[in-house]
Amino acid sequence: MIDSSLKDIAAALRDRKVSAVELATESLARIEARNPKVNAFVTVDREGALTAARAADQRIAAGTAGPLTGIPLAHKDVFCTEGVRTTCGSKMLANFVSPYDAHVVTLLRQAGAVMVGKTNMDEFAMGSSNENSHFGPTRNPWHTDTVPGGSSGGSAAAVAARLVPIATGTDTGGSIRQPASLCGITGIKPTYGTVSRYGMIAYASSLDQGGAFGYSAEDCALLLSAMSGHDPRDSTSLERDTEDYSAALDKPLAGLRVGLPTEFFAAGMSDDVRAAVDAAIAEYRKLGATTVEVSLPNARLAIPAYYVIAPAEASSNLSRFDGVRYGHRAADYSDLNDMYCKSRAQGFGDEVKRRILVGTYVLSHGYYDAYYIKAQKLRRLIANDFQAAFQKCDVIASPVSPSVAFGIGEKSGDPVQMYLSDIYTIAVNLAGLPALSHPAGFGSGDLPVGLQLIGNYFGEARLLNAAHQFQQVTDWHARVPAGF
Ligand code: GLN
């Protein structure tokens, strides 16, 4: 049953064809059987899941269930969960049990969703392949020698492998869209400030945003509706009314203006990705959309700007992991300074250390203006380009990732190659815009290719509407990897 749409699962629950306890049991059994192949979960909470499922069944019996009541769900291990450890993919937090829930976790608990566990991720959400996890790499269910993408690779793999129908993720530079693309599922990152960051372990605070993974845009709309909304505990949370992202899914696409950025289609994308992306855009034309060329001249500066701003914020955010306030503490040390040094040297992995070093450097007195301030100015230019483009179009379509899933180990020795995986996604975070990835076909090695749709601020409903209409006439999103 858990490979069905959320709507069908909810109907089956309502009609008593299945119970929430049966759904949780099904999800837990699949995790037990299939997770060893993909390593998508860091922690499984069997007891918690069954307790939540029993409560959901009572709610269903009482007639007070919502659309997510009784639905099994996984949280990226960046969201704090009271009583269940939250590792952020790091040795630093391998034994950390949060005393409170992240706002997103609270909202989904209140909605009656049943958390079965926490998913693997690149350490502190830094990475594009999930190879930076202290808990070992997650594998792509479509081909287990390839990466699922990152940093929310565990959540994407868990949904693609049909271990859970929905999962949460976070996206700082592409970490929802890129793994969604590489794993052949749908994933959305909303406008910055839509999903509360309270209890979501911070990587780069001005870029981090929570979002949703599902089999389809329709399912993502349900999950995103439940997890977004104003939260006074997050000062960057937007003071807007909560939105029902499912309301406009059925709107026809006639007249939709789809912008195609010249720079994204110029070079860099592999031929198999281009073929799938072109075919998907042709499908949108058949649905009544028109296409128009737009330009994002400063998008080429997105990766350099991001790799100044994100490490700068990370170096500040990660200073709290010192073995005193939080995290791993070295067993032997001579004095306080030695304890800090040894605890952080042991607790953080190489990529995290690299970013702390870069971030500290760009924020240092002599270099702040040359790097950090300059990067912030580029950020403004990039955001302005999008506003100019949205004068001519309603949504922007582009590839998500320059290639299909790459091999485990293929890029892990070359950070710059790894950083380039996010060449089409990072500008969106710098501008704070909403964007999604939906399955658009298959490329070399029969691996999935995604299409990115980028909207203007608060354009989530339109993006989900477009993807939903696309999914009414295509079945890429319904394909399941062999053996799962
Ligand atoms: N791959 C990018 C990075 O390593 C983005 C990660 C993310 O979105 N969390 O920073």
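Here the structure is shown first, and the text comes after it.
In what follows, the accompanying structure is described. Quantities reported herein were computed from a predicted structural model and do not represent experimental measurements.

## Notes on the overall build of the chain
- From N to C terminus, the chain includes 16 helices and 11 strands.
- Its C-alpha atoms give the chain a radius of gyration of 21 Å, near enough to 23 Å, the size a compact globule of 484 residues would have.
- When its C-alpha atoms are laid out on the principal axes, the chain stretches across 65 × 55 × 45 Å.
- For the chain, restricting intrachain contacts to residue pairs at least 6 apart in sequence, the fraction spanning at least 24 positions comes to 75%.
- Roughly 17500 Å² of accessible area belongs to the chain as shown, and the carbon and sulfur atoms make up 52% of that amount.
- Placing the 44 positive and 49 negative side-chain charges of the chain at their respective mean positions leaves the two points 2 Å apart.

## Let's talk about the sheet that holds strand S8 (residues 290-294)
- Strand order in the open sheet made by the 11 strands is S1-S3-S2-S4-S6-S5-S10-S11-S9-S7-S8, with mixed pairing throughout. The two strands at the open ends of the sheet, each matched to only one other strand, are strand S1 (41-44) and S8. Each strand axis lies, on average, 30° off the axis of its neighbour in the sheet, ignoring direction.
- In the sheet, strand S5 (residues 186-189) pairs with strand S6 (residues 210-214) via three bridges, with the strands oriented antiparallel. From the neighbouring strand, Gly 187 faces S6, where its bridge partner is Phe 213.
- Across the sheet, helix H9 (residues 271-286) lies against strand S7 (257-261), S8, strand S9 (395-399), strand S10 (435-442) and strand S11 (448-455), angled at about 50° from S11, the strand it touches most.

## Remarks on helix H4 (residues 103-110)
- Those residues of H4 lying buried are His 103, Val 104, Val 105, Leu 107 and Leu 108.
- In this structure, the buried side of H4 is in contact with strand S2 (72-76), strand S4 (166-170) and helix H7 (217-227).

## With respect to the site of the ligand
- The environment of the ligand is made up of 15 residues, and the closest members are Gly 173, Ser 175, Tyr 306, Arg 355 and Asp 422.
- The separation between an oxygen atom of the ligand and a polar main-chain atom of Gly 127 is 2.9 Å.
- Note that an oxygen atom of the ligand is positioned 2.7 Å from one of the side-chain N or O atoms of Arg 355.
- Starting from 290 Å² of accessible surface for the ligand in isolation, the protein chains cover 100%.
- With respect to the detected pockets, the ligand is housed in the second largest cavity.
- Residue classes in the shell around the ligand are distributed as five nonpolar, seven polar and three charged.

## Focus: unusual backbone geometry
- Omega for the peptide link from Gly 150 to Ser 151 comes to 5°, which places this bond in the cis form.
- Relative to the helices and strands, Ser 151 is located in the loop between strand S3 (114-119) and helix H5 (153-160).
- Positive phi is not limited to glycine here, since Arg 16 has a value of about 60°.
- Tracing the backbone through its elements, the reader meets Arg 16 in the loop between helix H1 (6-14) and helix H2 (20-38).
- Residue classification places Arg 16 among the exposed residues on the basis of a relative accessible area of 52%.
- Positive phi values are uncommon outside glycine, yet Cys 88 reaches one of about 55°.
- Tracing the backbone through its elements, the reader meets Cys 88 in the loop between S2 and H4.

What counts as what
- Residues numbered from 1 in each chain as written.
- Predicted model: local features only at pLDDT ≥ 70, side-chain atom pairs only at ≥ 80, totals over all residues.
- Heavy atoms only, no water.
- Helix = DSSP H or I, 4+ residues; strand = E, 2+ residues; numbered from the N terminus.
- Rg over C-alpha atoms; globule rule 2.2 N^0.38 Å.
- Contact = heavy atoms within 4.5 Å.
- Areas by Shrake-Rupley, 256 points an atom, 1.4 Å probe, with all protein chains shown as cover.
- Lys, Arg positive; Asp, Glu negative; His and termini not counted.
- Charge placed at Lys NZ, Arg CZ, Asp CG, Glu CD.
- Pairing = 2+ DSSP bridges.
- Axes fitted to C-alpha atoms, helices over the stretch in contact; angles between N-to-C directions.
- Buried < 20%, exposed > 50% of the residue type's maximum accessible area, 1.4 Å probe, protein only.
- Near = heavy atom within 4 Å.
- Polar contact = N/O pair within 3.5 Å; in protein donor to acceptor, adjacent residues only side chain to side chain.
- 1 Å grid on protein atoms, 1.4 Å probe; cavity = no way out; pocket = protein on both sides within 12 Å on 5 of 7 lines; lining within 4 Å.
- Sits in = over half its atoms within 2 Å of the grid points.
- Nonpolar A, V, L, I, M, F, W, Y, C, P; charged D, E, K, R; others polar.

So, to be careful, I would describe these as geometric facts and stop short of saying anything about function.
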